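As a plain string of letters, each chain reads:
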Amino acid sequence: MEIVEEGPFRFRIPREGGMRVPGVVFATRDLLPAAAGDQALLQVMNVAALPGIVEASYAMPDVHWGYGFPIGGVAATDTAAGGVVSPGGVGFDISCGVRLLAADCDRDRLAPRLRSLMDILGNRTPRGPGRGGVWHLDARQLAEVLVGGARYAVEQGHGVRRDLDRCEDAGVLSGASPEQVSERALERGLGQVGSLGSGNHFLEVQAVDAVYDESAARAMGLRERQVCVMIHCGSRGLGHQICTDHVRVMDRAMSRYGIEVPDRQLACAPTHSDEGRAYFAAMAAAANYARANRQLLTEAARRAFGETAGCGLELVYDISHNLAKAETHDVAGAGLDLCVHRKGATRALPPGHPDLPRDLATVGQPVLIPGTMGTSSYVLAGVPGGGAWHSTCHGAGRVRSRHRAAREVDGRRLRADLEQQNVAVRASSWRGLAEEAPQAYKDVDAVVRAGEGAGLCRRVARLVPLGVVKG
DNA sequence: ATGTGC
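Let me sum up the structure you'll find in this document. Here the structure is a predicted model, which means the values were calculated and not measured.

1. Focus: the nonpolar core
Counting 93 residues, the largest nonpolar core has V25, Y58, M60, V181 and W389 as its most contacted members. The element contributing the most residues to this core is helix α9 (residues 274-309), with 10 residues. Apart from residues no more than four positions distant in its own chain, V25 is found in contact with F9, R10, F11, I13, L32, L41, A59 and V63. Residues A102, C228, V423 and A437 belong to the second largest nonpolar core, which totals 33 residues.

Set out below in structure tokens:
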């Protein structure tokens with residue numbers, strides 16, 4: 001394959017074969033996927049063949065191999081021109097995302113209480129595969145969660161109104177219908193609201209370690225040495241089942257629409273088709289589930305902080321990095337209705353965008369980047385003119401498979417190393433911990449520098465871990 | 001990511 005360095009932080013994969021648009025990768029040479037067997041750039045090319053794709057098949061600096069679409073991929077299709085929606089462009093963990101809470105205390109004040117706080121968070125945070133959640137629902141309430149998201153959770157007393165002001169879409173994605181969610185998905189989701197899951201999901205107690213933009217940080221409620229909580233989780237078994245169900249339906253339907261894709265994992269259907277609309281309605285339901293999930297974990301963290309440290313936690317922002325959204329964008333002077341897939345990529349609205357919370361209108365949207373255990377996480381902001389439909393990276397990006405990381409790293413040893421660095425670790429399995437070792441990931445500092453260099457976002461603050469509750 | 005599989 002041909003890849004052309006177009007400028008700093010920007011590579012181009014010219015059109016060939018069935019590609020309808022070029023590929024554009026925002027990265028440095030060092031960040032390009034290089035691991036043996038990593039087909040991410042081939043996947044960027046495959047995505048470029050989707051019906052209705054507009055401008056380019058984009059990849060963010062943390063791009064790596066995924067199911068059909070690369071993780072770190074962004075693709076928009078023109079809905080009026082037969083553009084498609086593809087479950088593989090969202091990912092199995094629908095609306096997986098990050099929420100950042102800012103404590104009204106500094107790290108020095110928390111230090112003497114940190115261990116007992118971590119014990120309580122560790123004991124009370126449901127996590128690991130298949131385990132239950134903190135909110136026990138009946139079927140009727142689950143349907144309300146699927147339609148109402150974090151807003152329903154807050155209405156039921158799990159949070160405060162201001163939380164919703166600081167959620168993407170005010171905590172609820174419209175267009176969700178529980179009727180499009182299978183019985184099996186509902187069963188899997190029933191007992192998991194308020195749970196982390198496993199893999200790279202976590203709840204971290206962090207401290208603000210550096211501030212790059214003082215006024216933006218202040219507007220977001222952040223200052224040096226302040227304690228924060230970062231929650232990274234998604235829609236659990238419910239979202240996974242929805243993805244599985246709709247991939248199957250679309251795989252069978254594609255030929256009826258005359259759609260051919262280079263990889264079956266890119267199964268898709270026109271956004272206006274029955275299959276496309278059904279997926280969108282189910283995807284929105286999973287997105288609302290994920291938002292309620294993060295809202296319930298927020299309330300659990302607030303109780304733990306209140307009891308042990310007498311601290312409150314204010315929501316900075318809640319943003320998804322696995323979602324397809326209906327958005328209108330200016331393309332060659334005309335407003336087009338697009339279906340924007342972001343898979344392992346984060347929306348980054350620029351200052352002045354009408355969808356921003358009023359008090360962040362001049363700042364831009366907070367973008368939350370979870371780093372790797374023991375390294376940094378970042379708060380970024382959207383910038384004017386941001387490319388790739390106002391999108392940027394979502395995390396460090398994996399460079400070694402789970403399998404290889406588990407083979408090379410000893411989980412107990414990793415925990416001891418982290419504790420040595422004063423990071424308290426509450427793991428759920430040694431293997432799971434090993435799979436998430438820092439050496440399995442790209443350098444998150446380099447990833448966010450590349451995002452900034454490519455004009456996709458700007459850095460606001462860096463956060464370092466004090467303690468991690470690992471999924 | 002996932003009751004780590006069809």
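On we go.
2. Quick word on the protein's contact with DNA strand B
The environment of DNA strand B is formed by 16 residues, the closest being R188, S198, N200, H240 and R402. At the protein interface, 58% of the atoms of DNA strand B within 4 Å belong to sugar or phosphate. Note that a phosphate oxygen of DNA strand B is positioned 3.2 Å from one of the side-chain N or O atoms of Q192. Here a base oxygen of DNA strand B sits 3.2 Å away from a polar atom, N or O, in the side chain of H240. Elements supplying a minimum of two residues to the surface near DNA strand B: α6 (183-190) and α8 (236-253). Class assignment for the residues of the surface near DNA strand B results in two nonpolar, nine polar and five charged.

3. With respect to the sheet that holds strand β12 (residues 322-331)
Two modes of strand pairing occur in sheets, parallel and antiparallel, and in both the strands are linked by backbone hydrogen bonds. Pairing is mixed across the open sheet formed by seven strands, whose spatial order is β1-β2-β3-β4-β5-β13-β12. Edge positions in the sheet fall to β1 (4-7) and β12, since each of these pairs with one other strand and no more. Neighbour to neighbour, the strand axes of the sheet diverge by 25° on average, direction disregarded. Bridge analysis of β1 against strand β2 (residues 10-13) gives three bridges, and the strand direction is antiparallel. Considered in β2, the bridge of E5 is made with F11. Together, β2, β3 (23-25), β4 (57-64) and β5 (71-78) form the strand contacts of helix α1 (residues 40-47), whose direction differs from that of β4 by roughly 160°.

4. Points about the pairing of β4
The buried fraction of β4 amounts to eight of the eight residues, a majority that puts the element mostly inside the structure. Relative to β4, β3 runs parallel, the two sharing three bridges. Within β4, the position partnered with G23 by the bridge is S57. Across three bridges, the pairing between β4 and β5 is antiparallel. Across the sheet, Y58 pairs through a bridge with V74, a residue of β5.

5. Things to note about helix α4 (residues 139-155)
With 17 residues, α4 extends only 17 Å from end C-alpha to end C-alpha; this falls clearly short of the ideal 24 Å at 1.5 Å per step. Along α4, the helix axis deviates most sharply at G148, where the bend reaches about 120°. Q141, L142, V145, L146, G148, G149, A150, Y152, A153 and V154 are the residues of α4 that are buried. For α4, the elements touching its buried residues are β7 (97-106), α5 (161-165), α6, α8 and α9. Among the residues of α4, the N-terminal cap falls to D138, whose side-chain oxygen and the backbone nitrogen of R140 are separated by 3.1 Å.

6. Some words on a positive patch on the surface
A cluster of basic residues, R184, R188, R248 and R252, forms a positive patch on the protein surface. If you list the elements that add at least two residues to the positive patch, you get α6 and α8. Relative to the helices and strands, R188 resides in helix α6. Relative accessible area serves as the criterion here: at 36%, R188 is assigned to the partly exposed category.

Definitions and limits used
Residues numbered from 1 in each chain as written. Chains lettered and ligands numbered in written order. Predicted model: local features only at pLDDT ≥ 70, side-chain atom pairs only at ≥ 80, totals over all residues. Heavy atoms only, no water. Core = buried A, V, L, I, M, F, W, Y, C linked by side-chain atoms within 4.5 Å. Buried < 20%, exposed > 50% of the residue type's maximum accessible area, 1.4 Å probe, protein only. Helix = DSSP H or I, 4+ residues; strand = E, 2+ residues; numbered from the N terminus. Contact = heavy atoms within 4.5 Å. Near = heavy atom within 4 Å. Polar contact = N/O pair within 3.5 Å; in protein donor to acceptor, adjacent residues only side chain to side chain. Nonpolar A, V, L, I, M, F, W, Y, C, P; charged D, E, K, R; others polar. Pairing = 2+ DSSP bridges. Axes fitted to C-alpha atoms, helices over the stretch in contact; angles between N-to-C directions. Expected span 1.5 Å × (residues − 1). Bend = angle between axes of the 7 residues up to and from the residue. Patch = residues over 30% accessible without salt bridge, like charges linked within 9 Å, V, L, I, M, F, W, Y side chains within 5 Å. Areas by Shrake-Rupley, 256 points an atom, 1.4 Å probe, with all protein chains shown as cover. Salt bridge = Lys/Arg side-chain N within 4 Å of Asp/Glu carboxyl O. Lys, Arg positive; Asp, Glu negative; His and termini not counted. Charge placed at Lys NZ, Arg CZ, Asp CG, Glu CD.

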